[in-house]
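What the coordinates show
Single-letter residue listing:
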Amino acid sequence: MLQDFVRRSLPFAFAAFALSAACRKTAPQGAGSAAPAKSVLRLLHIEVGTRRATLQDVLTTYNAQHPGVPLVEESIAGGGNLLLGDKVRTDLAAGNPPHLFQMWPGEIVGPFIDAGHLRPIDDWFAKYHWDDVLIPWTLRSVERYGKRWAIPTASHGMTFWYRKDIFARLHLTEPNTYSELEQVCTTLRANDIDCISLGGKYGWLTMRLLDFFIEHTCGPSVHDQLNKLEQDWNQPCVVDAFGLLVRWIDKGWITSDFLNVAPNDARLPFYRGTAAMTFEGDWMESILTQEDEQDINRYDFFLPPSDHTPRRFCGFAEMFAVVRNAGNEDRVADFLNEYLQEAVQAKTLAGVDWTARRNVPLDPAKWPRTKKWRQFIDNGATYPPTDQVFPRKVMDDWFEIQDSVAAKRTPPAQGAAALGKALDNYRTYRAKMAPVYEDRATFGPQGSSKAPAP
Amino acid sequence: MNAASNKLTPYLFMAPALVLFLGFLVYPMMHSLVVSLTDWDGLSATWHFVGLSNYVTIFTDPASRAALSNTLIWSAVMVTVPTILGLGMAVTLNQKLRGRTFFRSVFYGPTILPLSAVALIWVWLYNPHFGLINEVLRGIGLKSWAKGWLSNFDTALPAVLVTAIWHGAGFPMLLYLAGLQGVSPSQYEAAALDGAGPWRRFIHVTLPGLKETHIVVFTLAIIGSVRSFELIYAMTYGGPGRSTQVLATWMYFNIFQYNQAGAGSAIAWLIAAISLAVTIPYIRLMSRR
């Protein structure tokens, strides 16, 4: 019976196989060719609740004031930033991409540019003079291959947030040097309080602390060179940074067994007062006050005491990336220009913590910490989080090494060596593929007729 | 109607289902087989054939090998432990016990819960700081036993397996309970008259009587375990490090996170091959009956 079934099925299977093979080199690439104008313009993002309502309000106002093809927003409920890329990728493969999508810079948006799916929008920047109003470091984060592929929509900084009440009770002050930071942690530990609460699941919260250690041990210049792969990662200052991670764990300054605690769950020891600090972004004020119903007067932040000048903090932009050939380009450009106007940005800053525009007005009585943050973000010096510098696969190698060092399965020196090897491999791969990627980015998914061989 | 149209009629009736089957199952499968032989990144419009290198990589890349190894461990545990537990519960709850229906519902209950909800429950139970498991251990004086069950490289996979067993034992119990209804009480009576005790009745009457159920349970357990994804994804995301990656999550990471659709498709076909290797003998066996 089975043989009979197989015998009868084989012709169909081979027919399908042949059809599939015939389709090779013509993978589903809906955005690769000019698409007809659609009845709506889609903006894909991850915001939910009141944050989403703010975006809906912005779009509703725009649609009312600028009649034409309506803009609609679509949110990815639940999965958020973990699934946004998956959703965009699936939409692209299905030939139904959004016109705009929220995304993060560097190697997170990079694959979409490298595959030729995004439209360079330098002409829009020139037409609307967006450079004049946007924060310079956010502009760098939307560049690749000398072109700009998105508008920066948000600018974030991350640092140590702390419990003011605990600091006051223990007569602690905001540390200005790394040594003072260690003294703070020592005092907290002596009082049976964890210095910092971390959630190591997904790797990136631990990475933020390690990034700070690298900034401290290597200094801004070397840190930047490491990120550009202009220096070998297997070097003493990286070993020292790993050493500090182990030291913080050994001293009991980090919450115990943090490696698979979800980042959001890591806030609980901070709220309960069993940990005095956490490493979060400027968005923390809205989380504290709106989502987690905390008293903002108990919380504040200080910039990471790296012992270097400038005293840089980890900063990154978010963006609206523009899909190539998705249609209605003039309308999309007009919306983006309207979106970047000060009145709209004031609304998004208060409602979603989003702006990449300089000096956007904000009520300091309602948003005291965000107002304080904006001064640093508008004018400060930043370094990028490493998970935006390297591709996800490389970062998972990084996280594996980082976790292994944190779990003391790998000594710091061996960890730096493993990191050096992983990034050497990536450097070689990148050098081989860069011309191919740049060709696709320039000419679209099919590349030019003279596409270089990988 | 002539003879030709008579012959054609069954195929016409089959055609709608066949078109759906070919379009939504066979074609995507064959397409992914082709992709598995390429370096396609899942985004670009072009790709290159790379032969079997994606398949070779599964066995040479340390991370892929670890995922394969974890899948084999996962499968071995999930085929044996829930099966034995399910059989034990079924045999026990097949007796005329007081509260039998209640206990059947209780033991089957976890099976009907969505895996994402199960993962959420157990992540909180395992939470190193506030989780019930560590709180209980501390409460009964076993403070040194309290640990980050999911944060520890050595305990993360076993901890997720415990969750999977808790969730999965009810289903074999249900199948065995159904199978036990087919075992004639007269066989037990005859065995008892011949002096067989409970254990010998279990070995010589119950187990042979459940022969077909064993095949179903075993086959479904293998297929379910090699494609296990949700619990790992939700509870550990493959971590710490990559210590809990299994083939199904590794496939997802390759396709969606690493832009390696070719490599991910090869892993998908390895999963399919393992499933088919178990399922085809099962179909053959059942077809002979």
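Up top is the structure.
So, here is what we can say about the structure in this document. (Residues numbered from 1 in each chain as written. Chains lettered and ligands numbered in written order. Predicted model: local features only at pLDDT ≥ 70, side-chain atom pairs only at ≥ 80, totals over all residues.)

**Here's the deal with the interface of chain A and chain B**
Contact with chain A, which involves 46 residues of that partner, is made by 37 residues of chain B. Going through the elements one at a time, α1 (2-22), α3 (84-93), α4 (110-114), α11 (267-272) and α17 (392-406) of chain A are the ones with two or more residues in the side of chain A that touches chain B. By residue class, the composition of the side of chain A that touches chain B is 21 nonpolar, 11 polar and 14 charged. (Contact = placed C-beta atoms within 7 Å. Helix = DSSP H or I, 4+ residues; strand = E, 2+ residues; numbered from the N terminus. Nonpolar A, V, L, I, M, F, W, Y, C, P; charged D, E, K, R; others polar.)

**A look at the nonpolar core**
Counting residues in hydrophobic clusters, the biggest one holds 62 residues, and the most contacted among them are Cys195(A), Ile196(A), Leu198(A), Val238(A), Met277(A) and Leu419(A). For this core, the element with the most residues is helix α9 (residues 204-227) of chain A, which contributes 10 residues. Val34(B), Trp40(B), Ala248(B) and Ile267(B) belong to the second-largest nonpolar core, a separate cluster that totals 60 residues. (Core = buried A, V, L, I, M, F, W, Y, C linked by C-beta atoms within 7 Å. Buried ≥ 20, exposed ≤ 12 C-beta atoms within 10 Å, placed from the backbone.)

**Considerations on the environment of Met251(B)**
Residue and element names in this part refer to chain B. As for its position among the elements, Met251 is in helix α13 (residues 247-257). When the C-alpha positions of Met251 and Ile271 are compared, they lie 9.3 Å apart, and in sequence the two are 20 residues distant. Excluding residues that lie within four positions of it along the chain, Met251 makes contacts with Gly264, Ile267, Ala268 and Ile271.

**What to know about the packing of helix α3 (residues 62-93) of chain B against helix α7 (residues 156-168) of chain B**
All names here are of chain B. Two elements in contact, α3 and α7, have axes separated by 10 Å at closest approach and are oriented at 35°. Crossing of α3 against α7: the hand is right-handed. Contacts from Asn70, Ile73, Trp74, Val77, Met78, Val81 and Pro82 in α3 reach Leu157, Leu161, Ala164, Ile165 and Gly168 in α7. The residue makeup of the contact of α3 with α7, split by class, is 10 nonpolar, 2 polar and no charged. (Axes fitted to C-alpha atoms, helices over the stretch in contact; angles between N-to-C directions. Left-handed = near helix turned anticlockwise from the far one by under 90°.)

**Re the environment of Pro269(A)**
Its place among the elements puts Pro269(A) in helix α11. The exposure class assigned to Pro269(A) is buried, which follows from the 24 C-beta atoms found within 10 Å. Taking the C-alpha atoms as reference points, Pro269(A) and Asp86(A), 183 residues apart in sequence, are found 32 Å from one another. Here Pro269(A) is in contact with Asp194(A), Ser197(A), Thr255(A), Thr274(A), Ala275(A) and His129(B), once residues within four sequence places are set aside.

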